[in-house]
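Examining the three-dimensional arrangement
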Amino acid sequence: MIHEFCGELTGARRQYVQTLNKTYAQQMRVDQVPCYGDYLQIHCLGPVSSATLDSIDRTAQQLDWIEVLVYDQGNNLIRGETGSM
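Report follows, based on the coordinates. This structure is a prediction, so every number in the text was calculated from the model and none was measured. (Residues numbered from 1 in each chain as written. Predicted model: local features only at pLDDT ≥ 70, side-chain atom pairs only at ≥ 80, totals over all residues. Heavy atoms only, no water.)

**Structural notes on helix H1 (residues 11-23)**
Cut-off, in case you're wondering: Helix and strand assignments follow DSSP, with helices taken as H or I runs no shorter than four residues and strands as E runs no shorter than two, numbered in order from the N terminus. A helix is expected to reach a length of 1.5 Å times the quantity of its residues less one. Burial classes follow relative accessibility: with a 1.4 Å probe on protein chains only, a residue under 20% of its type's maximum area counts as buried, one over 50% as exposed, and anything between as partly exposed. The arc in question is the one traced by the directions running from the helix axis out to the C-beta atoms.
With 13 residues, H1 should reach 18 Å at 1.5 Å per residue; the first-to-last C-alpha distance of 18 Å fits that figure. Arg 13, Tyr 16, Val 17, Leu 20 and Asn 21 are the residues of H1 that are buried. Considered in projection along H1, the buried side chains sweep an arc of 130 degrees and stay on one side of the axis. In H1, the exposed residues that point more than 90 degrees away from the buried face are Gln 15, Lys 22 and Thr 23.

Written as structure tokens, this is what we have:
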């Protein structure tokens with residue numbers, strides 16, 4: 001699931017993404033934005049609760065991700081900002 005890009009996920013960030021992808025395999029796909037190592041992206045495969053996204057966002061901030069981008073099933077950005085990319 002993790003693709004090669006301008007820097008590879010390592011350590012706690014890599015573990016977190018792997019855990020999310022395993023835990024929420026039916027609901028979402030999670031990875032780092034290619035060439036923007038401080039951005040995490042979530043592609044929803046089905047409904048995901050706001051509480052779940054809030055929890056992911058809090059943990060991502062603790063792991064020093066600047067922004068969590070969330071896309072719906074139509075690949076529309078529904079949460080997060082891409083302005084500083």
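**Focus on helix H2 (residues 50-62)**
In plain terms, the rule: In what follows, residue pairs with any heavy atoms lying within 4.5 Å of each other are defined as contacts.
Helix length check: H2 (13 residues) gives 18 Å between terminal C-alpha atoms against 18 Å at 1.5 Å per residue, within 8%. Of all the residues in H2, the buried ones are Thr 52, Leu 53, Ile 56 and Ala 60. The arc that holds the buried residues of H2, viewed along the axis, is 95 degrees, so those residues lie on one side. Residues of H2 that are exposed and point more than 90 degrees away from the buried face comprise Ser 50, Ala 51, Arg 58 and Gln 62. Where H2 is buried, its residues contact H1, strand S1 (28-33), strand S2 (36-44), strand S3 (67-71) and strand S4 (77-79). Note on H2: the residue one or two positions beyond its end, Asp 64, has a positive phi of about 70 degrees.

**Concerning the sheet that holds S4**
For the record, the criterion: When DSSP finds two or more bridges between a pair of strands, those strands are recorded as paired. As a rule, the C-alpha atoms of each element are fitted with a line to give its axis, helices using only the stretch in contact, and angles between N-to-C directions run from 0 to 180 degrees.
Sheet architecture is open: four strands sit in the order S1-S2-S3-S4, paired in mixed fashion. Of all the strands in the sheet, the pair left with one neighbour each is S1 and S4. Sheet twist, expressed as the average angle between the axes of neighbouring strands with direction ignored, equals 30 degrees. Alignment of S3 against S4, held across two bridges, turns out to be antiparallel. Bridged to Val 70 within S4 is Arg 79. Its contacts with the sheet put H1 on S1 and S2, and the angle it makes with S1 is roughly 160 degrees.

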